[in-house]
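Summary of structural features
Next come the chains, spelled out residue by residue.
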Amino acid sequence: MDQQNPRPAESENLVCSRCGTVAEGTPPTWTCSVENGTRHYFCDACARENIRAIEGRLDSDWW
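Residues numbered from 1 in each chain as written. Predicted model: local features only at pLDDT ≥ 70, side-chain atom pairs only at ≥ 80, totals over all residues. Heavy atoms only, no water.

1. Regarding the side chain of Ser 33
What counts here: Here a strand is any run of E in DSSP of at least two residues, a helix any run of H or I of at least four, and the numbering for each starts at the N terminus. Each polar contact in these results corresponds to two N or O atoms within 3.5 Å; when the atoms are within protein, one needs to be able to donate a hydrogen and the other to accept it, and residues that are neighboring in sequence are counted only if both atoms are side-chain atoms.
Its location among the elements puts Ser 33 in strand β3 (residues 31-35). A polar contact is formed between the side chain of Ser 33 and the side chain of Glu 35, at a distance of 3.1 Å.

2. Brief notes about the environment of Leu 14
Counting through the fold element by element, Leu 14 comes out in strand β1 (residues 13-15). Sequence spacing of Leu 14 and Tyr 41 is 27 residues, and the spatial spacing of their C-alpha atoms is 7.2 Å.

3. Thoughts on the environment of Asn 13
Defined as follows: Here the term buried applies to any residue with accessible area under 20% of the maximum for its type, exposed to any over 50%, and partly exposed to those in between, with areas from a 1.4 Å probe on protein chains only.
Along the chain, Asn 13 turns up in strand β1. Classification of Asn 13 as partly exposed rests on a relative accessible area of 45%.

4. Remarks on the pattern of salt bridges
This is how the line gets drawn: Within this document, salt bridges are pairs made up of a side-chain nitrogen of Lys or Arg and a carboxyl oxygen of Asp or Glu, the two lying within 4 Å of each other.
A full pass over the atoms with the stated rule returns 1 salt bridge. Taking the shortest distance from any N to any O, the salt bridge between Glu 49 and Arg 18 comes out at 3.7 Å. Of this pair, Glu 49 sits in helix α1 (residues 44-49) while Arg 18 sits in the loop between β1 and β2 (22-24), and the two are 31 residues apart along the sequence. Assessed through its relative accessible area of 51%, Arg 18 is described here as exposed.

5. Points about the pairing of strand β4 (residues 38-42)
We count it as follows: Paired strands are those between which DSSP finds at least two bridges.
Looking at chain direction, β3 and β4 are connected through 5 bridges and run antiparallel. Residue pairing in the sheet places Ser 33 in a bridge with His 40 of β4. In this structure, the hairpin formed by β3 and β4 is closed by a connection of 2 residues, where Asn 36 is found at a positive phi of approximately 55°.

Put into structure tokens, the structure is as follows:
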């Protein structure tokens, strides 16, 4: 996976950083978060459950 490209190579499966759910390819409903320079992917269920914490990490420029 390239640091400039937010999507992993098509042959890679994504794993949710929170619950461990595995998805083939890059589902459009998953969320990508960069923490300390490392990309973390969250499935749609985990992203919905934790949206306030995710939004709280955004710079104020996003608001």
